[in-house]
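Listed here are the chains, written in short residue letters.
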Amino acid sequence: MVKLVDKELYSETIKKVLSKDLTQKEAGLILDITDRQIRRLITKYKNMGEDAFVHKNINNQNAKKISDDIPTKIIDDYLTNYYDYGFTHFYEEQGRKYGISFSYMVEKFGTNYIISPYAQHRTVKLYNENMKKAIRDNSITESQEKLFEQRKQEEFEKHIRKSSLHYSFGEEVQMDAAFWVWFGTEETALHLVVDKATKKVLAGYFDYEETTNAYLVVLMNMIINFGIPKRIKTDRRNSFSINNAKSSKSKLNITQFGRICEDLEIELLCNSNPLFKPNAERENGTFKRRLKAELRHNGITTIEEANKYLNEVFIPKINERFSYKINPKKNVMRENNYTEDELNLIISIRNERTIDNASSIKYFNNYYLPANVETGEVISFKSGTKCTVVNSYDSKLFGIIDGNTYMLVLIEKREGENKRATKNGFKPNENHPWRNFKIN
């Protein structure tokens, strides 16, 4: 745009050209333009006078100019509600609503002492130096100083994500659990199962401890939603691996999870080295950066709410953002052809018990009788008969005897039945059959 001082210079120069005091070439050198532009200016001057040298938009407001209060709003929004979001994550969630570009947002953040919680080491170092100086000069707000303390803490939580080889979908999935204060104030364990080929999170589940039951939940959800994988990689915790654990077919000890994998024809590999299951470890880092922040922002404080948000909102969103699409030509995930009842029996906890003289089975301090699954008729077995108690996925009890499956019927306890003997011996209650026994 031509400024006022330029208007006077242009006007005087063109007048001299018209009065033959200057040549067009000399005028071009003065104004630093070409001879052709000089001729155009002469024509404009003849038609419009000195107004020819004033830009038409000199007093007009730029239609694309960003409002002066938008940078303040977006900075306050980030410092108040989204301080634990990365810049990309924040821009996807909020930044677009302000009608600004990502680069403009980052520029404004940089000039207001705001960096991403996942900034590189060089950026963090420069940020720390600038913030220390600003704190000494008392030139920052309380929110900016609070963010500075937050970033120092988050520097210890960074996890570098690396690329890996592409396998077929379902060829290898990895399981792991990460302890963290994900929501509220109590530490919980987030159980994840991740496909190596597509980086897709197949299932997730929160529990207060890292338990076999939690791993069975993610296994069941994975099979129902995606199918049965070829191989599962885990660490060496007791849920997966114990000393001298071998195949149940050779009648040696094996974990509950290992037995389930055998029944489903899944290869189970265990190793305590974190590099053995890198995809699961990296997803733990991604979830720590994003999930914890979203749970806090949405006011989630209970494990039930967290599991619902995890599976219905967060995992689908994270898969769409970071995972690869499933290639049908490279898919070895077996289709689940089991019925719901069959799958409930396979994914179960099993324990060996022996039938006693009353043809009953003791299981967790309760007594049960085997009965026909269809008719409910109680069936008696010889004392010493071996029975496999099956606690199914849907919490129903069954017994497997000589290859046949029976349901287990709970025997009601009588009042005082569990009372222990005193020093003077056991004293039966008032309605005990012994008190009614008489000798003729």
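Everything below is about the structure printed above this text.
Just so you know, these numbers come straight off a predicted model, no measurement behind them. (Residues numbered from 1 in each chain as written. Predicted model: local features only at pLDDT ≥ 70, side-chain atom pairs only at ≥ 80, totals over all residues. Heavy atoms only, no water.)

Looking at this structure, I do not really get the packing of aromatic side chains. What am I missing?
Aromatic ring pairs are reported here in terms of the distance separating the ring centres and the angle at which the planes meet. With the rule as written, the count across this model stands at 18 aromatic pairs. Their ring planes at 70° and their centres at 5.9 Å tell us that tyrosine 78 and phenylalanine 87 sit as a pair that is edge-to-face. An identical accessibility class is assigned to tyrosine 78 and phenylalanine 87; each is buried. The interplanar angle of 80° and the centroid separation of 5.0 Å between the aromatic rings of phenylalanine 287 and phenylalanine 314 together place this pair among those described as edge-to-face. Here phenylalanine 287, found in helix α11 (residues 278-297), pairs with phenylalanine 314, found in helix α12 (residues 303-322); they are 27 residues apart in sequence, far enough to count as distant. Overall, phenylalanine 287 belongs to the buried group, its relative accessible area being 0%. For phenylalanine 314, a relative accessible area of 1% gives the class buried. Connected via pairs of aromatic rings, a cluster forms that spans Tyr78, Tyr82, Tyr85, Phe87, Phe90 and Phe109. In this structure, lysine 233 is placed above the aromatic ring of phenylalanine 276, and the distance from its NZ or CZ to the ring centre is 4.4 Å. A cation over an aromatic ring shows up here: arginine 289 above the ring of tyrosine 118, its NZ or CZ 5.4 Å from the ring centre. (Phe/Tyr/Trp six-rings, centres within 6.5 Å; stacked < 30°, edge-to-face > 60°. Buried < 20%, exposed > 50% of the residue type's maximum accessible area, 1.4 Å probe, protein only. Helix = DSSP H or I, 4+ residues; strand = E, 2+ residues; numbered from the N terminus. Lys NZ or Arg CZ within 6 Å of the ring centre and 35° of its normal.)

Would you mind going over the pairing of strand β8 (residues 366-371) with me for this structure?
Each regular strand shows side chains that alternate between the opposite faces of the sheet. Where strand β7 (residues 361-363) and β8 come together, three bridges link them in antiparallel fashion. Note on β8: the bridge partner recorded for lysine 362 is tyrosine 367. Connecting the antiparallel pair β7 and β8 is a turn made up of two residues, with phenylalanine 364 showing a positive phi of about 50°. With four bridges joining them, β8 and strand β11 (residues 404-410) adopt antiparallel strand pairing. Note that in β11 the partner of leucine 369 across the bridge is valine 409. (Pairing = 2+ DSSP bridges.)

How should the environment of isoleucine 224 be read in this particular structure?
With respect to the element layout, isoleucine 224 can be found in helix α9 (residues 212-225). For isoleucine 224, a relative accessible area of 53% corresponds to the exposed category. Sequence separation of isoleucine 224 and glutamate 340 is 116 residues, and the distance between their C-alpha atoms is 9.3 Å.

Would you mind going over the packing of helix α2 (residues 24-31) against helix α3 (residues 35-48) with me for this structure?
Here α2 crosses α3 at 100°, and the two axes come no closer than 9 Å. With respect to each other, α2 and α3 are oriented roughly perpendicular. When α2 is examined against α3, the residues Gln24, Lys25, Ala27, Gly28 and Leu31 are found in contact with a partner set consisting of Asp35, Ile38, Arg39, Leu41 and Ile42. (Axes fitted to C-alpha atoms, helices over the stretch in contact; angles between N-to-C directions. Parallel < 35°, antiparallel > 145°, perpendicular 65-115°, else oblique. Contact = heavy atoms within 4.5 Å.)

Can you walk me through the environment of alanine 306 in this structure?
As for its placement among the helices and strands, alanine 306 is situated in helix α12. For alanine 306, a relative accessible area of 0% puts it in the buried group. For the pair alanine 306 and tyrosine 205, spaced 101 residues apart in the sequence, the C-alpha separation amounts to 8.9 Å. Among residues more than four places away in sequence, those in contact with alanine 306 are Phe183, Phe206, Leu295 and Ile300.

Explanation requested: the packing of helix α7 (residues 121-137) against helix α8 (residues 142-154) in the structure shown.
A pair of packed helices can be characterised by two numbers: the angle between their axes and the separation between those axes. It is the contact of α7 with α8, at a shortest axis distance of 11 Å, that shows an interaxial angle of 140°. Like other packed secondary-structure pairs, α7 and α8 cross with a definite hand, here left-handed. On the side of α7, the interface is formed by Tyr127, Asn128, Met131, Lys132 and Ile135, while α8 contributes Gln144, Glu145, Leu147, Phe148 and Arg151. Looking at side-chain class alone, the contact of α7 with α8 contains five nonpolar, two polar and three charged residues. (Left-handed = near helix turned anticlockwise from the far one by under 90°. Nonpolar A, V, L, I, M, F, W, Y, C, P; charged D, E, K, R; others polar.)

What is the right way to look at a positive patch on the surface in this model?
On the surface, a cluster of positive charge is made up of Arg36, Arg39, Arg40 and Lys44. Inspection of the secondary structure puts arginine 36 in helix α3. (Patch = residues over 30% accessible without salt bridge, like charges linked within 9 Å, V, L, I, M, F, W, Y side chains within 5 Å. Areas by Shrake-Rupley, 256 points an atom, 1.4 Å probe, with all protein chains shown as cover. Salt bridge = Lys/Arg side-chain N within 4 Å of Asp/Glu carboxyl O. Lys, Arg positive; Asp, Glu negative; His and termini not counted. Charge placed at Lys NZ, Arg CZ, Asp CG, Glu CD.)

Looking at this structure, how should I read the nonpolar core?
A general trend in soluble globular proteins is that nonpolar side chains are found buried together. Core analysis: the biggest nonpolar cluster contains 27 residues, and Met175, Val193, Leu219, Ile232, Phe257, Leu264 and Ile347 have the highest contact counts within it. Among the elements of the structure, β1 (173-180), β3 (201-207), α9, α10 (256-263) and α13 (340-346) are those that each provide at least two residues to this core. Considering each element in turn, this core owes the most residues, seven residues, to α9. Once you skip the residues sitting within four places of it in the chain, leucine 264 turns out to touch Ile223, Ile228, Arg334, Tyr338, Leu343 and Ile346. Among the nonpolar cores identified, the runner-up in size contains 24 residues, and Tyr85, Met105, Ile140 and Leu147 belong to it. (Core = buried A, V, L, I, M, F, W, Y, C linked by side-chain atoms within 4.5 Å.)

What is the right way to read the sheet that holds strand β4 (residues 231-234) from this model?
Either a parallel or an antiparallel arrangement is found when strands of a sheet pair, and the pairing is made through backbone hydrogen bonds. Taken together, five strands build an open sheet; the order of strands is β3-β2-β1-β4-β5 and the sheet is mixed. Strand pairing shows two members of the sheet lacking a second neighbour, β3 and β5 (267-270), which therefore form its edges. Sheet twist, expressed as the mean angle between neighbouring strand axes with direction ignored, is 20°. Relative to β5, β4 runs parallel, the two being bridged by four bridges. Bridged to arginine 231 within β5 is glutamate 267.

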